[in-house]
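# Chain and residue survey
Each chain is listed here by its residues.
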Amino acid sequence: KTLGGKTMTPEIIILICAGAVLLFFFLKEKVKAYSVKAVMFKAAASICFVGVATVSLFTKGYHALSICVALVLFFGVLGDICLDFKYVFKEHDKIFTYAGFISFALGHACYITGMYLEFFNGQSPLYIVLPLVGGLLISISNLFIAKPMKLDYSGYKVISIIYGFFLFSMTLSALSLSIMMGFNNVTLIMMFAGGLLFTISDLILSGTYFGKGKERPVDIITNSVTYYLAQFVIALALFFI
């Protein structure tokens, strides 16, 4: 119940437990078939991590990062629904896929903005520039390893680069700021851990969306578990600002 010397509130514990239960039912439905019912369970689980962030926000007060994370959570729920509806309404697959990519890209942009507004203390601008450059380079390099990994990004190359840039930049920005602060900030360390979990989740998701034979139950489960762990870790990070 404690982390970084601070005790989590009963509300946060209840929301985390409820989210875990709803995630179980979502996975149970999704492994069977993509359906509106599965989407509803996923949306309900998402509301739980929104709740964790909301409790953290009211407990700790308003900060630049908490306000930005509130926006992220909105984009996250929207992206979740779009990316699952692409399977339910297959005739609109491309529209929902683009909408999902854009929603999550905007979310990661908010994470980046919030972290720098909250924690950057005027030291070397390299703490900002290097993560952004690194995020762009990693995102572009992803396209070059697509063929060996048997991934086909046809029709989604540009949006994949844009989304990858924000995803990798978010993770690297959390690492950069953690280094700047000597790894003494629990919130930033949790943001970095969340970014790594997001990255793992999205790498699995890339195989599911753009590969063949990579939509096995194990892929669906590991993608969803790492994704929700990332969301809950980041939502909880606000409590330790």
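A count of helical and extended segments in the protein chain gives eight helices and two strands. The C-alpha atoms of the protein chain give a radius of gyration of 18 Å, which matches the 18 Å a tight globule of 241 residues would have. Principal-axis analysis of the C-alpha atoms gives the protein chain an extent of 45 × 40 × 25 Å. A buried classification covers 49% of the 241 residues belonging to the protein chain. Looking at the protein chain alone, contacts between residues at least 24 apart form 79% of all its contacts between residues at least 6 apart.

Our next topic: the packing of aromatic side chains. In the structure shown here, the tally under the stated rule is twelve aromatic pairs. The interplanar angle of 90° and the centroid separation of 6.0 Å between the aromatic rings of Phe104 and Tyr227 together place this pair among those described as edge-to-face. With Phe104 in helix 4 (residues 93-119) and Tyr227 in helix 8 (residues 217-237), this residue pair connects regions lying 123 residues apart in the sequence. Assigned by exposure class, Phe104 and Tyr227 land together as buried. Both rings, one in Tyr111 and one in Phe198, keep their centres 6.3 Å apart while their planes meet at 45°; by these two values the pair is tilted. Of this pair, Tyr111 sits in helix 4 while Phe198 sits in helix 7 (residues 186-210), and the two are 87 residues apart along the sequence. With respect to burial, Tyr111 and Phe198 carry one shared label: buried. Chaining the aromatic ring pairs together yields one cluster made of Phe49, Phe104, Tyr111, Phe198, Tyr227, Tyr228 and Phe232.

Overall, the coordinates contain one salt bridge when judged by the stated rule. Salt-bridge contacts for Lys37 lead to Glu29; the nearest nitrogen and oxygen are separated by 3.7 Å. Judged by its relative accessible area of 12%, Glu29 falls in the buried class.

With that out of the way, let us pick up the packing of helix 7 against helix 8. Relative to each other, helix 7 and helix 8 sit at 160°, their axes nearing to 8 Å. In terms of orientation, helix 7 and helix 8 fall into the roughly antiparallel class. In this structure, the crossing between helix 7 and helix 8 has a hand that is left-handed. For the contact of helix 7 with helix 8, the per-class residue count stands at 15 nonpolar, nine polar and one charged.

Residue placement: Ala38 occurs in helix 2 (residues 36-60). What makes Ala38 buried here is its relative accessible area of 4%. In this structure, the C-alpha to C-alpha distance between Ala38 and Phe25, residues 13 residues apart in sequence, is 8.0 Å. Beyond its immediate chain neighbours, meaning those up to four positions away, Ala38 contacts Phe26, Glu29, Lys30 and Ala33.

Before going further, it helps to examine empty space enclosed by the protein. As enumerated under the stated definition, the model contains two cavities of 30 Å³ or more in all. Put simply, the largest cavity is a space of about 490 Å³. Every residue lining the largest cavity is counted, 36 residues in all, and those nearest its centre are Phe101, Tyr163, Asp202, Leu205 and Ser206. Every element with two or more residues in the lining of the largest cavity is listed here: helix 3 (64-88), helix 4, helix 5 (126-144), helix 6 (157-180), helix 7 and helix 8. Take the lining of the largest cavity: its biggest share by element is ten residues, from helix 7. Among the elements of the structure, helix 3 and helix 4 are those that each provide at least two residues to the lining of the second largest cavity. Residue composition of the lining of the second largest cavity, grouped by class: four nonpolar, four polar and no charged.

Before going further, it helps to examine the state of the cysteines. Across all of its chains, the model carries zero disulfides by this definition. For Cys17, which is in no disulfide, the shortest distance to another cysteine sulfur is to Cys48 and amounts to 10.0 Å.

On to the confidence of the model for the protein chain, then. On average, residues of the protein chain score 84 in pLDDT, and 92% of them are at 70 or above. By mean pLDDT, the top-scoring element of the protein chain is helix 6 (94), and the lowest-scoring one is strand 1 (residues 2-3) (48).

Conventions we followed
Residues numbered from 1 in each chain as written. Predicted model: local features only at pLDDT ≥ 70, side-chain atom pairs only at ≥ 80, totals over all residues. Heavy atoms only, no water. Helix = DSSP H or I, 4+ residues; strand = E, 2+ residues; numbered from the N terminus. Rg over C-alpha atoms; globule rule 2.2 N^0.38 Å. Buried < 20%, exposed > 50% of the residue type's maximum accessible area, 1.4 Å probe, protein only. Contact = heavy atoms within 4.5 Å. Phe/Tyr/Trp six-rings, centres within 6.5 Å; stacked < 30°, edge-to-face > 60°. Salt bridge = Lys/Arg side-chain N within 4 Å of Asp/Glu carboxyl O. Axes fitted to C-alpha atoms, helices over the stretch in contact; angles between N-to-C directions. Parallel < 35°, antiparallel > 145°, perpendicular 65-115°, else oblique. Left-handed = near helix turned anticlockwise from the far one by under 90°. Nonpolar A, V, L, I, M, F, W, Y, C, P; charged D, E, K, R; others polar. 1 Å grid on protein atoms, 1.4 Å probe; cavity = no way out; pocket = protein on both sides within 12 Å on 5 of 7 lines; lining within 4 Å. Points joined across faces, edges and corners; volume = space filled by probe spheres on them. Disulfide = S-S within 2.5 Å. pLDDT = per-residue confidence, 0-100.

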